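Below are the chains, spelled out letter by letter.
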Amino acid sequence: MNDAISNLSSKGKKLAKNAARVDFEVFMEASQNLYGPDENPNGAFPLNVAENQLMASEIRDRLNAVLVQGNIPDWVLNYTHLLGNPEVRETISGFMETELCKCPISPESIGLSAGASAII
């Protein structure tokens, strides 16, 4: 065992030998059981991935609309609400309500972050 690992706690040594993602198994399980309104209404929404394929077209449309207007909102360049910009959270909740689960989703139940540390 090299010096760096030998100085770790027993938990640290275990994590150094294995993947540190505690959610990896849950993610893999969820990704094999994706939600679909008709084909799998009891499926999962794996939300711990960086890609946002479900909302890609809506995000693209919104960004294009901002570019056409030429007005980048001030909040884009600054810190925003701790859980993410309220308007963006409202847009996401509306998309999830109409396109994903066909049920009410409060924007207050959604948190957005550029990284896990910030959202935790």
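Our structure is the block above this text.
Conventions and cut-offs
- Residues numbered from 1 in each chain as written.
- Predicted model: local features only at pLDDT ≥ 70, side-chain atom pairs only at ≥ 80, totals over all residues.
- Heavy atoms only, no water.
- Helix = DSSP H or I, 4+ residues; strand = E, 2+ residues; numbered from the N terminus.
- Buried < 20%, exposed > 50% of the residue type's maximum accessible area, 1.4 Å probe, protein only.
- Areas by Shrake-Rupley, 256 points an atom, 1.4 Å probe, with all protein chains shown as cover.
- Contact = heavy atoms within 4.5 Å.
- Core = buried A, V, L, I, M, F, W, Y, C linked by side-chain atoms within 4.5 Å.
- Patch = residues over 30% accessible without salt bridge, like charges linked within 9 Å, V, L, I, M, F, W, Y side chains within 5 Å.
- Salt bridge = Lys/Arg side-chain N within 4 Å of Asp/Glu carboxyl O.

(A) Expanded view of the overall build of the protein. Along the backbone of the protein there are six helices and zero strands. If you list the helices and strands of the protein from N to C, you get α-α-α-α-α-α. For the protein, with 120 residues in total, the buried portion stands at 16%. Carbon and sulfur atoms make up 57% of the accessible area of the protein, which totals about 9,700 Å².

(B) Layout of unusual backbone geometry. Despite not being glycine, Lys-102 shows a phi value in the positive range, around 55 degrees. Inspection of the secondary structure puts Lys-102 in the loop between α5 (86-101) and α6 (116-119).

(C) Up close: the side chain of Ser-93. When you line up the elements, Ser-93 lands in helix α5. When its relative accessible area of 3% is taken as the criterion, Ser-93 is described as buried. Setting aside its immediate chain neighbours within four residues, Ser-93 contacts Ile-105, Ser-106, Pro-107 and Ile-110.

(D) Structural detail: the nonpolar core. Tyr-35, Met-55, Ile-92, Phe-95, Met-96, Leu-100, Cys-101, Ile-105 and Ile-110 form the largest nonpolar core, which has nine residues in total. If we ignore the near neighbours within four places in the chain, the residues touching Ile-92 are Met-55, Ile-110 and Leu-112.

(E) Inspection of a nonpolar patch on the surface at higher detail. Residues Ile-72, Trp-75, Val-76 and Leu-77 make up a contiguous nonpolar surface patch of roughly 420 Å² in combined accessible area. Its location among the elements puts Ile-72 in the loop between α4 (56-69) and α5.

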